[in-house]
Amino acid sequence: MSETLENPIIETNGMLRGVRVLQIVNNAWALGFIRDPLRRMRRSGMEIAAIASPDEFLQTFEREENLRTFHVHMTRRITPMHDATAIRNIKKVIRQFRPDIVHAHTPKQGLMGMIAAKSCGVPIRIFHMHGLIAGHRNFRIASAAEKMTCNLATRVFCVSESAMNYCISRGNCDSSKITVVTNSVDSHEKFVSTKGRFLGRELRAKLGIPEEAPVAGFVGRVVKEKGVGELQEAWSKLRTEFPQAHLLIAGPEEPHDSVKPEVIKAFHDDPRVHMLGRLRDTIPVYEAMDVLVLPSYREGLPTVVLEAQSMKVPIVATDVPGCKEAMVDGKTGHLVPVRNSAALVTAISNYFADVASRRRAGEAGREFVLECFSPDPVWQKIETEYVSLLDRH
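From a predicted model like this one, the values you see are computed outputs, not experimental measurements.

Caption draft 1: A look at the layout of surface pockets. Empty space within the second largest pocket amounts to approximately 410 Å³. Lining the second largest pocket are 18 residues; nearest its centre among them are Arg197, Glu287, Met289, Asp290 and Arg358. Secondary structure elements with two or more residues in the lining of the second largest pocket: helix H8 (198–207), helix H11 (283–288) and helix H15 (355–372). The element best represented in the lining of the second largest pocket is H15, accounting for 5 residues. Taken together, the residues of the lining of the second largest pocket sort by class into 5 nonpolar, 3 polar and 10 charged.

Caption draft 2: The pairing of strand S8 (residues 215–219), seen in detail. With 5 of 5 residues buried, S8 lies mostly within the body of the structure. What you see with S8 is no split at all: Val215, Gly217 and Val219 on one side and Ala216 and Phe218 on the other are buried throughout. Relative to strand S9 (residues 246–250), S8 runs parallel, the two sharing 5 bridges. The partner of glycine 217 across the bridge, within S9, is leucine 248. Of the crossover connections in this fold, the one passing from S8 over helix H9 (residues 228–241) to the parallel S9 is right-handed.

Caption draft 3: Broad picture of the side chain of serine 341. In this fold, serine 341 is placed in helix H14 (residues 341–353). Those residues in contact with serine 341 that sit more than four places away from it in its chain are Glu230, Glu233 and Ala234.

Caption draft 4: Here's a closer look at the packing of helix H12 (residues 303–310) against H15. Across the interface, H12 lies against H15 with an axial gap of 7 Å and an inter-helix angle of 115°. Considering how the two elements wind past one another, H12 and H15 form a crossing that is left-handed. Contact residues: H12 offers Leu306, Gln309 and Ser310, while H15 offers Gly362, Gly365, Arg366, Phe368 and Val369. For the contact of H12 with H15, the per-class residue count stands at 3 nonpolar, 4 polar and 1 charged.

Caption draft 5: Examining the state of the cysteines more closely. Enumeration over the complete set of coordinates arrives at 0 disulfides. Among the cysteines around cysteine 323, which has no disulfide bond, cysteine 158 carries the closest sulfur, lying 16 Å off. Free of any disulfide, cysteine 372 has its nearest neighbouring cysteine sulfur in cysteine 323, separated by 16 Å. By relative accessible area, cysteine 372 is classed as partly exposed at 38%.

Conventions used here
- Residues numbered from 1 in each chain as written.
- Predicted model: local features only at pLDDT ≥ 70, side-chain atom pairs only at ≥ 80, totals over all residues.
- Heavy atoms only, no water.
- 1 Å grid on protein atoms, 1.4 Å probe; cavity = no way out; pocket = protein on both sides within 12 Å on 5 of 7 lines; lining within 4 Å.
- Points joined across faces, edges and corners; volume = space filled by probe spheres on them.
- Helix = DSSP H or I, 4+ residues; strand = E, 2+ residues; numbered from the N terminus.
- Nonpolar A, V, L, I, M, F, W, Y, C, P; charged D, E, K, R; others polar.
- Buried < 20%, exposed > 50% of the residue type's maximum accessible area, 1.4 Å probe, protein only.
- Pairing = 2+ DSSP bridges.
- Right-handed = clockwise from strand over helix to strand, strands pointing away.
- Contact = heavy atoms within 4.5 Å.
- Axes fitted to C-alpha atoms, helices over the stretch in contact; angles between N-to-C directions.
- Left-handed = near helix turned anticlockwise from the far one by under 90°.
- Disulfide = S-S within 2.5 Å.

Shape is all these values report; function is a separate question.
Right under this line is the structure:
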């Protein structure tokens, strides 16, 4: 970590030392996205704990970060009986840990966390909104849940201006309660290409992908709303146009919002498609790809786009609000219409065919992330918000 992380508590007169913060997320995958803020909070003297659903990576995360974690089984979909049990278990953790701040992420865990924290009398309740409900398959339910969560929270963080403005325009949150706290990327130590892109070359060799072969990559949940169906349609044309091309897909196949079985079968049956599943370390995947593809229907602010750009990978993403704020269209990548596989084919083909264009977009992408999504300003915003809320309460 850089020297700027050493002692932020000096700037706030020690107000954060000893403050107890309970983070609530869905699983270890989500904890990975807030790893840097967690480290900075601990360096500020705060006592940090997290609630997460147990999965295969959680124990590793706990050990690596020396993080106190409480295991509570939580689902992404609506399961009333299971959700009621989860809320009771969250309340038990709150009574045991006695946090000054409950900071909950993602819609489902945000709602459960706010209900539990409010009922336990936690003075500071933060809902961190990472996504955008526009285009949600259960829009009315999602909108009602978002409004309830915002009402229960004492402060709401949004990862992008577009997500914040949409939330306010829907009447789901009062403008005085909500602010933008964008995502950040560790572009100096973690998301930096190894010398000669060694890890990417190693992964290519392991998968039998020639060094000169063009490779497209997808990183994220393998679900319908991420545009995986359109990705398969585009790939069916690209694989013919570029006989040496390969496709990497890194992420879990989830039954919630599942992709059509024939789409998954087509991927698994194709020897030039590599289904890697959920990975703890995506650095080799970014290094192995020539272009990141994110054909999502909706995004808050896609962290994978920021990570890929930090690794000098050009982007092809859909022209939805969150993606538009995470890249520079025509410079760090190309935005295409949502649910349009033909446009995906054109944009990916251009990068496959033009190495110089890929290089220019990659360099521009890293400069963009370094300028706009550095961890220091993001942490300073969180720190300022914490101090302000503590002072007020």
